[in-house]
Each structure stands twice: as C-alpha cells, then as structure tokens.
Amino acid sequence: MSGYKHKDLPPNHESMSVADLRAGGYIMDPGQWLMRILFLETIAGVPGFTAAMIRHLRSLRIMRRDGGWIHMLLEEAENERSRSKNGCFLFALSLMVAYLFL
C-alpha cells in the first residue's frame, strides 16, 4: 500500500543520522507511517461487520435470538471506525496548526 520495501540496515548504521536512514530508504518517514496506520485502521473494522452479518443471517435462518452478539460485534466495528476517523481528524488538525505557525 505505501510502497515501503524493507531494506537491511547498512553496516555503518550506528554512525548514520535518522535523516540519512530515511533518505536511504532504511526506515519509514512520517508520511509512510501515516499511510500504514490509516490502512491498518481502515481494515480493522471489517471483521466485526462481517461477523455481525454472518451472525445476523444465522439468527434469521434458525429463527432464534443470538443473545446480544450482533450488537457487541457491531459496537466493536464502530469503535474501530471512529478511531480511524478521529486519527484522520487529528492529523488534519496538526497540519492546520503547523501551517498557522510556520
């Protein structure tokens, strides 16, 4: 997703600065970390929604209540979705603050 390919650290990595390591592609820069975090947070809610749908269809098929599992799974998926939404909001806010003070 982010295009990051892991490279082994060079033998002289102790004497290199973080900027040199980032320029050489040995470690991820903040933009690459953001893309990775957004990707992982985006797919984090999918298992909860999928499990809730499967549980709902099963409950309809056997015509029995599921004891609150569907609600719990949907709450967990909603929690993951709101975490990614808040992360995007905080990132946009930090860019705006950085723009104002630079």
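Before any of the text, the structure's been laid out above.
Along each chain, the written sequence defines residue order, and numbers are assigned to residues from 1. Totals for whole chains, interfaces and linings use all residues, but because this is a predicted model, local features are given only for residues with pLDDT of at least 70 and pairs of side-chain atoms are given and counted only at 80 or more. By convention in this description, side-chain values take in all heavy atoms of the structure and omit both hydrogens and water.

**Points about the overall build of the chain**
Right, on to step 1. For the purposes of this entry, the term helix denotes a DSSP run of H or I that reaches at least four residues, the term strand denotes a run of E that reaches at least two, and both are numbered from the N terminus. Counting its regular elements, the chain contains 4 helices and 0 strands.
Right, on to step 2. The helix and strand sequence of the chain, counted from the amino end, reads α-α-α-α.
Right, on to step 3. To get the radius of gyration, use the C-alpha atoms; to get the globule rule, take the number of residues to the power 0.38 and multiply by 2.2 Å. Computed over C-alpha atoms, the radius of gyration of the chain comes to 21 Å, more than 25% over the 13 Å expected from 2.2 N^0.38 for 102 residues, which places it beyond the range of a compact globule.
Right, on to step 4. Considering the chain as a whole, with its 102 residues, one finds that 14% of them fall into the buried category.
Right, on to step 5. Contact definition: two residues touch when any of their heavy atoms are within 4.5 Å. Intrachain contacts of the chain at a sequence separation of at least 6 include 38% that bridge at least 24 residues.
Right, on to step 6. Element-wise, carbon and sulfur atoms account for 66% of the exposed surface of the chain, whose accessible area totals about 8300 Å².
Right, on to step 7. Within the chain, one finds 12 positive and 10 negative side-chain charges whose respective centroids are separated by 11 Å. Only protein chains enter the area calculation, which uses a 1.4 Å probe; residues under 20% of their type maximum are buried, those over 50% are exposed, and those in between are partly exposed. Per-residue and other accessible areas follow the Shrake-Rupley method at a 1.4 Å probe size, with only the shown protein chains counted as cover for residues. Only four residue types enter the charge count, namely Lys and Arg as positive and Asp and Glu as negative; His and the chain termini do not. For charged residues, the charge sits on one atom: NZ in Lys, CZ in Arg, CG in Asp, CD in Glu.

**Topic: the packing of aromatic side chains**
Right, on to step 1. Pairs were defined over the aromatic rings of Phe, Tyr and Trp, the Trp ring being its six-membered one, requiring ring centres within 6.5 Å. Orientation was assigned from the angle between planes: stacked under 30 degrees, edge-to-face over 60, tilted for the rest. Within this structure, the stated rule accounts for 0 aromatic pairs.
Right, on to step 2. The ring of tyrosine 26 carries lysine 7 above its face, with NZ or CZ at 4.8 Å from the centroid. Each ring is checked for a lysine NZ or an arginine CZ that lies within 6 Å of its centre and within 35 degrees of its normal; such an atom marks a charge sitting over the ring.

**Brief notes about the side chain of aspartate 66**
Right, on to step 1. Following the sequence through the fold, aspartate 66 ends up in the loop between helix H3 (46-62) and helix H4 (69-101).
Right, on to step 2. Despite its burial, aspartate 66 pairs with no opposite charge; the closest candidate is arginine 55, at 4.0 Å N-O.
Right, on to step 3. There is a polar contact of 3.2 Å between the side chain of aspartate 66 and the backbone nitrogen of glycine 68.
Right, on to step 4. Any N or O atom pair separated by 3.5 Å or less is treated as a polar contact, with the protein-specific requirement of one donor-capable and one acceptor-capable atom, and with residues adjacent in sequence counted only for side-chain atom pairs. There is a polar contact of 2.7 Å between the side chain of aspartate 66 and the backbone nitrogen of isoleucine 70. The term salt bridge refers to a side-chain nitrogen of Lys or Arg lying within 4 Å of a carboxyl oxygen of Asp or Glu.

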